[in-house]
Amino acid sequence: MKRLFYVLCCCICYAAHGQTAKTDIAIIPEPVAIARMPGEFVLPKNISFGTNAAAEAAPVIAYFNQHISKATGASVSAAKSSASTISLTLNAVNESAIGNEGYRLTVTPKEVSIHANKPAGLFYGIQTLLQLLPKEIESATYVPNRRWTIPCVNVTDYPRFQWRGLMFDVSRHFFTKAEVKKYIDNMVRYKFNLLHMHLTDNEGWRIEIKSLPKLTEVGAWAVKKVGYYGTFDPPKPEEPRNYGGFYTQEDIKEIIKYAQDRYVNILPEIDVPGHSLAAIAAYPELSCTPEASTYHVRSGERIMQWNGPKYSAIIDNNLCPANENVYAFLDKVITEVAALFPFEYIHMGGDEAAKNFWEKSDAIKDLMKRENLKDLNEVQSYFEKRVEKIVESKGKKFMGWDEILEGGLAPNAMVMSWRGMQGGIKAAQMKHDVVMSPTTFAYIDYMQGDVAIEPRVYATLRLNKAYQFEPLPDSVDAKYIKGGQANLWTENVYNMRHAEYMTWPRGFAISESLWSPRVKKNWPDFFGRVEKHFQRFDVADVKYAPSVYDPIFNITTTNDLSVKLELNTEIPGLDIYYTFDNSFPDKFYPKYTAPLIVPKEATQLRLITYRGDKPIGRMITVLVEDLNKRATPKK
Ligand code: ACM
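Treat the numbers as computed from the prediction; the structure is a model and nothing was measured. (Residues numbered from 1 in each chain as written. Predicted model: local features only at pLDDT ≥ 70, side-chain atom pairs only at ≥ 80, totals over all residues. Heavy atoms only, no water.)

J.: Looking at this model, I keep getting lost on the nonpolar core. Mind explaining?
T.: One recurring pattern in soluble globular proteins: nonpolar side chains tend to sit buried together. Counting 184 residues, the largest nonpolar core has I184, F329 and L330 as the members making the most contacts within it. Examining the composition of this core, we find that nine residues originate from one element, helix α8 (residues 324–340), more than from any other. The contact partners of I184, leaving out residues within four places of it in the chain, are L195, I255, Y258, A259, R262, V264 and I266. Counting residues in hydrophobic clusters, the runner-up holds 19 residues, among them Y578, L607, L627 and A631. (Core = buried A, V, L, I, M, F, W, Y, C linked by side-chain atoms within 4.5 Å. Buried < 20%, exposed > 50% of the residue type's maximum accessible area, 1.4 Å probe, protein only. Helix = DSSP H or I, 4+ residues; strand = E, 2+ residues; numbered from the N terminus. Contact = heavy atoms within 4.5 Å.)

Listed below in structure tokens is the structure:
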């Protein structure tokens, strides 16, 4: 009786507290509802799956097997429902509350069961289940003597948005087929369902187009340069053009199949009319500018002039909207792209098309007269409308970056809003579908901490800011906001480890903004879970940025022209130790408690954060010369 009373108390307590009682649970993105129940399920050595939908559940079971067999040594088999360890059930009657991607997961001491309307829901139930297992499940090698326990829970879960994307720029630097698959492996853990592949840009054309072989013979190859993109000298003619690569159509099919088995759609982007230097290097006749015949694929030398939101091109990297051959070219490209990719949309870019070369072109002037186009935005709009027609003629839907609004939006276009939310709001008010991917919250090519420690990029997006991403503005009809995505541009991302560093943990924040109910978002709770996922990534050998543990700098100049340094941290509970004497600080050094005046003759500041008596941030060294440069004059 006493025991029964205890169990009942536990049940009431667990059910009542829901979120707070799940201390051993750290699911990202946070489920719609999760209740910790007493007890745990122990995963046996021989795991049998029972399912009422063998064919549909097969990829889910294969995924689970692949994910757990190395660490546990367990074997996985399909079995009759009655004898199963884990049962996967497709609902006979659709349960509308959980939609196409939702699931119900129940773990009791005796069994694990997942119910869903569609296989994608079973897959997401499995993702949650994997996150309930100990972090060692992420090991690529056998972990001996481990009890593989799963806390008992009742979970009901489904996504807030249908479009939960990550964009991977494989043009600026080429990433192999195996690396793209690895990127997909990590994104699906966090219930992303769309990979946007930025396949073409000034720095490389990455997809085989059989009818236009020079796109990859010429357009996929640049001279290798290492350092900060945008600062390089132009390559010399004798330097080898052997840096780059492309996906054959067979590679693309393999990536698509790999993604499909993980319930991920692949959105191809062919970025035109701007960002097209690789295509122009291959086929110079696509440009309005005669000198295009001397152009090469870019290696990171300066080709644009940026002046705030205004920009101009130093060399003409635009396709020519006044040239009929351009539309014939795009017809060929889109025909092959449409045949390869099953996803309903093709993204046709449209961003940052500088107009200064068009302005000088007689062909463009003639086009404007003929078509009654009053300015160069209308010239781009004319181009986009024609491209939309080509895309639609291949049975696909057209979308582009928010610049396609300028000069008049093509009739059925979906808009991907990147220059803030404004373009998306405007498009939604015009009854067009929208995906939100604003620089302010979702540009994961930006630095995630101070430039003193991060690889330099021109802007910063910290984890807590990414977590504030709210894709649905109050002022629009929710039905037009399909979801959102984070964008990883790779000008300064040279390898896969750094791609992972840039994506995580901000990808966690974006996934929660896209999947979890708005009311469940909670920064302290989220960050607690992030730290658990850092541990999982440590076991999985996936790189992530620890930038959130490093200090935030605010550097100013005092009235007597000294440099004043205020330090802060993104999360509470950290201590900062510092020195100006060139030695390496630890917890026995001065602790930062109030703004510092930089000693006039010091040459460098070093600092490090601790949590309690353990170092947690990175050792940071900043030259006083750099602090002086960064100091903003006191107003
Ligand atoms: C973009 O970031 N240029 C879309």
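The discussion continues.
J.: Explain the side chain of S562 to me, please; I cannot follow it from the model alone.
T.: Structurally, the position occupied by S562 is in the loop between β22 (551–557) and β23 (563–569). The exposure class assigned to S562 is buried, which follows from its relative accessible area of 7%. A polar atom in the side chain of S562 sits 3.1 Å from the side chain of D560. Engagement of the side chain of S562 in a polar contact is seen with the side chain of K600, the distance being 3.2 Å. Non-local contacts of S562, meaning those with residues more than four positions away in its chain, are made with T556, T557, I597 and K600. (Polar contact = N/O pair within 3.5 Å; in protein donor to acceptor, adjacent residues only side chain to side chain.)

J.: Could you clarify how one ought to interpret the packing of aromatic side chains in this entry?
T.: What characterises a pair of aromatic rings is the spacing of the ring centres plus the angle enclosed by the ring planes. One pass over the structure, following the stated rule, counts 38 aromatic pairs. With a centroid separation of 6.1 Å and an interplanar angle of 70°, the aromatic rings of W163 and Y345 are classed as edge-to-face. Within this pair, whereas W163 is found in strand β8 (residues 163–169), its partner Y345 is found in strand β17 (residues 345–349), the two being separated by 182 residues in sequence. Across this residue pair, the class does not change: W163 and Y345 are buried. Centroid distance F534 to Y544: 4.1 Å. Interplanar angle 10°. Geometry classified as stacked. Taken together, the positions of F534 in helix α17 (residues 523–540) and Y544 in the loop between α17 and β22 put the pair ten residues apart, joining distant regions of the chain. Of the two residues examined, F534 and Y544, each falls in the buried class. Connected via pairs of aromatic rings, a cluster forms that spans Y190, Y467, W504, F508, W523, F526, F527, F534, F537, Y544 and Y549. Taking NZ or CZ as reference, R262 lies 3.6 Å from the ring centre of Y258, over its face. (Phe/Tyr/Trp six-rings, centres within 6.5 Å; stacked < 30°, edge-to-face > 60°. Lys NZ or Arg CZ within 6 Å of the ring centre and 35° of its normal.)

J.: What is the right way to look at the packing of helix α2 (residues 54–72) against helix α3 (residues 119–132) in this model?
T.: Each pair of packed helices gets described by two things: the angle between the helix axes and the distance between those axes. Put simply, α2 and α3 touch, their axes get as near as 9 Å, and they point 20° apart. By the angle between their axes, α2 is roughly parallel relative to α3. The handedness of the crossing between α2 and α3 comes out as right-handed. Taking contact as the criterion, the partners of E56, A57, V60, Y63, F64, H67 and I68 in α2 are, on α3, P119, L122, F123, I126, Q127, L129 and L130. Here the contact of α2 with α3 is composed, by residue class, of eleven nonpolar, two polar and one charged. (Axes fitted to C-alpha atoms, helices over the stretch in contact; angles between N-to-C directions. Parallel < 35°, antiparallel > 145°, perpendicular 65-115°, else oblique. Left-handed = near helix turned anticlockwise from the far one by under 90°. Nonpolar A, V, L, I, M, F, W, Y, C, P; charged D, E, K, R; others polar.)

J.: I keep staring at the pairing of strand β7 (residues 149–157) and nothing clicks. Help me out?
T.: The side chains of a regular strand alternate, residue by residue, between the two faces of the sheet. Across the nine residues of β7, seven count as buried, placing the element largely inside the fold. Across seven bridges, the pairing between strand β1 (residues 33–42) and β7 is antiparallel. Opposite E40, over in β7, you have P151 as the bridge partner. Bridge count between strand β5 (residues 103–107) and β7: five bridges; the pairing is antiparallel. Bridge pairing in β7 links R104 to T156. (Pairing = 2+ DSSP bridges.)

J.: In this structure, what is going on with the sheet that holds β8? I would like to understand it.
T.: Taken in spatial order, the eight strands line up as β8-β9-β14-β17-β18-β19-β20-β21 and close into a barrel, and their pairing is parallel. Pairs of neighbouring strands in the sheet enclose a mean axial angle of 30°, with direction left out of account. With five bridges connecting them, β8 and strand β9 (residues 194–198) associate as parallel partners. The residue of β9 that forms the bridge with M167 is H196. Its contacts with the sheet put helix α16 (residues 506–515) on β8 and β21 (481–488), and the angle it makes with β21 is roughly 175°.

J.: How should I be thinking about α2 in this particular structure?
T.: Residue Q66 marks the point of greatest curvature in α2, where the axis turns by about 25°. For α2, the complete set of buried residues consists of A57, V60, I61, Y63, F64, H67, I68, A71 and T72. (Bend = angle between axes of the 7 residues up to and from the residue.)

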